[in-house]
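Here is how the chains run, residue by residue.
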Amino acid sequence: MPLEDGVLTLRIVVDHCSVEVFAQGGTVVLTDLAFPRVGSKGSSVFAETVTAILRKLAVAAAG
């Protein structure tokens, strides 16, 4: 998947225990299940092997 100007665009949808990730407008899609610990109220974003800059983050309630 070629990146324009080295920018990776992700849309991440989380609903209770399902997580869907749409990269580059849906060119690549990932769906998985996540089971957070009881009482968990946080999320994190990180990169493992490169330095990444988070330029924009928007959070919206579904519905």
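Now for a description of the structure that goes with this document. (Residues numbered from 1 in each chain as written. Predicted model: local features only at pLDDT ≥ 70, side-chain atom pairs only at ≥ 80, totals over all residues. Heavy atoms only, no water.)

Focus on unusual backbone geometry
Trans peptide bonds make up the majority, and among non-glycine residues the majority have a negative phi.
Now for step 1: Non-glycine residue H16 carries a positive phi angle of around 55 degrees.
Now for step 2: For H16, a relative accessible area of 74% corresponds to the exposed category.
Now for step 3: Even without a glycine there, the phi angle at Q24 is positive, about 50 degrees.
Now for step 4: Topologically, Q24 is positioned in the loop between β2 (18–23) and β3 (28–33). (Buried < 20%, exposed > 50% of the residue type's maximum accessible area, 1.4 Å probe, protein only. Helix = DSSP H or I, 4+ residues; strand = E, 2+ residues; numbered from the N terminus.)

What to know about the environment of F35
Now for step 1: With respect to the helices, strands and loops of the structure, F35 is situated in the segment after β3.
Now for step 2: A relative accessible area of 66% means that F35 is categorised as exposed.
Now for step 3: Distance in space between the C-alpha atoms of F35 and V45 is 17 Å, their sequence separation being 10 residues.

What about the sheet that holds β2?
Now for step 1: Taken in spatial order, the three strands of this open sheet run β1-β2-β3, and their pairing is antiparallel. Edge positions in the sheet fall to β1 (10–15) and β3, since each of these pairs with one other strand and no more. For this sheet the average axis-to-axis angle between neighbouring strands, irrespective of direction, equals 10 degrees.
Now for step 2: For β2 and β3, the ladder comprises six bridges, and the chain directions are antiparallel. Looking across to β3, one finds that A23 is bridged to V28. (Pairing = 2+ DSSP bridges. Axes fitted to C-alpha atoms, helices over the stretch in contact; angles between N-to-C directions.)

By themselves these figures say nothing about function.
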